[in-house]
Amino acid sequence: MGTVVLVTGVARHLGARFAAELRRREGVDLVVGVDVQPPRPALRALAEPEGPAAPYRFHQLDLRRPAVARVIAEHGVDTVVHLAVSATGPGSTHRSAVKESNVIGTMQLLGACQKAPGVRRLVVKSTTGVYGSAPRDPAVFTERTQPKVLPGGGFAKDAVEVEGYVRGFARRRPDVAVTVLRFANIVGPGADTPLGAYFALPVLPTVLGYDPRLQFAHEDDVVEVLCRASFPAGPGTVNTGTFNVAGEGVLLLSQCARRLGRPTLPLLLPAVSWMAGLARQTRLVDVSPEQLRLLTHGRVVDTARLREAFGYRPAFTTPEAFADFAAAQSPGLLPPGRLTAVTDGLAALLAGADADADAAGARSPRPPRPRS
């Protein structure tokens, strides 16, 4: 018999893409999708791959209810991929409802998996946000690095709690292969994330005096890593445990703005916090306090374990992933080509001025040494 996979969060873009890709994979007999509401028509079409594919069944249910245990038993699920841990919910954007869906929903799902003897593999989507963003953070986080300051709220805190419950499940069910994937900010032409909404603003508010380092994971790489984690590891690789997932390299926030052609508006931190709160209240864009800390202090993670143990090197670097995201955005107020030319011109002028100053200093006679 082949693999029967249950995927949570299929009403979101990433869940729909992953379910479609999984149905194309050899050895999959059935994909079962669950979410609190049906996918939009565009996502339903996305979940239907072209050519031969494994059958697909969708169940509309709330993970906070015990009904998921019935679905696991009904279809004989042996692999569970939990993608419903998210910064936003498809049914409600209210913070308390999203937290309940993330934490309580995960607890119910893990309880159902614990009682299902046929479950043999669990894959959980997490975030590099569990490391937090603080001024005294290390330059690079590894999977074993403990954050200086734990996330105090929001999606990152939800992910910390979810990972704690997953570790407890792994101790209770040592026969289940458990994988936790900590993704950097996911970008791509169709990615729907709060950070993507921030970058879509015509003017990007930034914190005065800070230019944080950012990492991105392309949605194509995210889907491929999830697929590889859903099956037994290949020869010489390990796909159980915790892995950071991000494209190689980093980008500064100012570089992201230039690639988008978006002007920045540097403000003092209290002013940016006030604007973020106003944007959330008016539902213009959801800039959470944790995201504001990221846009202040940044975050970079080490992905050596993903390459060396898991055996996967992302196809997109961080700059390439962001370039693909930027290509799908509406044109900014400042054309990127012209902005780059102006920036390069200013850099050349400054370099020329420095060279002239050095040459003038070399030509000028040295002042006489004072006599003792």
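An account of the accompanying structure is given in this report. (Residues numbered from 1 in each chain as written. Predicted model: local features only at pLDDT ≥ 70, side-chain atom pairs only at ≥ 80, totals over all residues. Heavy atoms only, no water.)

1. Considering the pattern of salt bridges
Between side chains of opposite charge, pairing is possible as soon as their charged atoms come close. Scanning all chains against the criterion turns up 17 salt bridges. A salt bridge links Arg64 to Asp62; the nearest nitrogen and oxygen atoms lie 2.7 Å apart. Residue classification places Asp62 among the buried positions, given a relative accessible area of 17%. Arg167 is the partner of Glu163 in a salt bridge, and the nearest nitrogen-oxygen pair spans 3.9 Å. Taken together, the residues Glu163 and Arg167, both in helix α5 (residues 154–172) and four residues apart, mark about one turn of the helix. Here Glu163 falls in the buried class, since its relative accessible area comes to 4%. Several salt bridges converge on common partners, so that one network encompasses Glu21, Arg24, Arg25, Glu224 and Arg228. (Salt bridge = Lys/Arg side-chain N within 4 Å of Asp/Glu carboxyl O. Buried < 20%, exposed > 50% of the residue type's maximum accessible area, 1.4 Å probe, protein only. Helix = DSSP H or I, 4+ residues; strand = E, 2+ residues; numbered from the N terminus.)

2. Here's the deal with the side chain of His218
Position of His218 relative to the elements: it lies in strand β10 (residues 216–218). By relative accessible area, His218 is classed as buried at 1%. Among all residues touching His218, those that are not within four sequence positions of it are Val187, Gly188, Pro189, Phe316, Ala321 and Asp324. (Contact = heavy atoms within 4.5 Å.)

3. Description of empty space enclosed by the protein
What the rule picks out here adds up to one cavity of 30 Å³ or more. The space that makes up the largest cavity amounts to roughly 40 Å³. If you trace the largest cavity, you find it lined by Thr128, Ala184, Asn185, Gln215, Leu294, Arg299, Val300 and Val301. Its residues assigned to classes, the lining of the largest cavity comprises four nonpolar, three polar and one charged. (1 Å grid on protein atoms, 1.4 Å probe; cavity = no way out; pocket = protein on both sides within 12 Å on 5 of 7 lines; lining within 4 Å. Points joined across faces, edges and corners; volume = space filled by probe spheres on them. Nonpolar A, V, L, I, M, F, W, Y, C, P; charged D, E, K, R; others polar.)

4. Some details on the packing of helix α1 (residues 13–24) against helix α7 (residues 219–229)
Packing of α1 against α7 brings their axes to within 10 Å, and their N-to-C directions diverge by 55°. With respect to α7, the element α1 is oriented oblique. α7 is crossed by α1, and the crossing has right-handed handedness. Residues His13, Leu14, Arg17, Phe18, Glu21 and Leu22 of α1 pack against Glu219, Asp220, Val222, Val223, Leu226 and Cys227 of α7. Of the residues that constitute the contact of α1 with α7, the class distribution is seven nonpolar, one polar and four charged. (Axes fitted to C-alpha atoms, helices over the stretch in contact; angles between N-to-C directions. Parallel < 35°, antiparallel > 145°, perpendicular 65-115°, else oblique. Left-handed = near helix turned anticlockwise from the far one by under 90°.)

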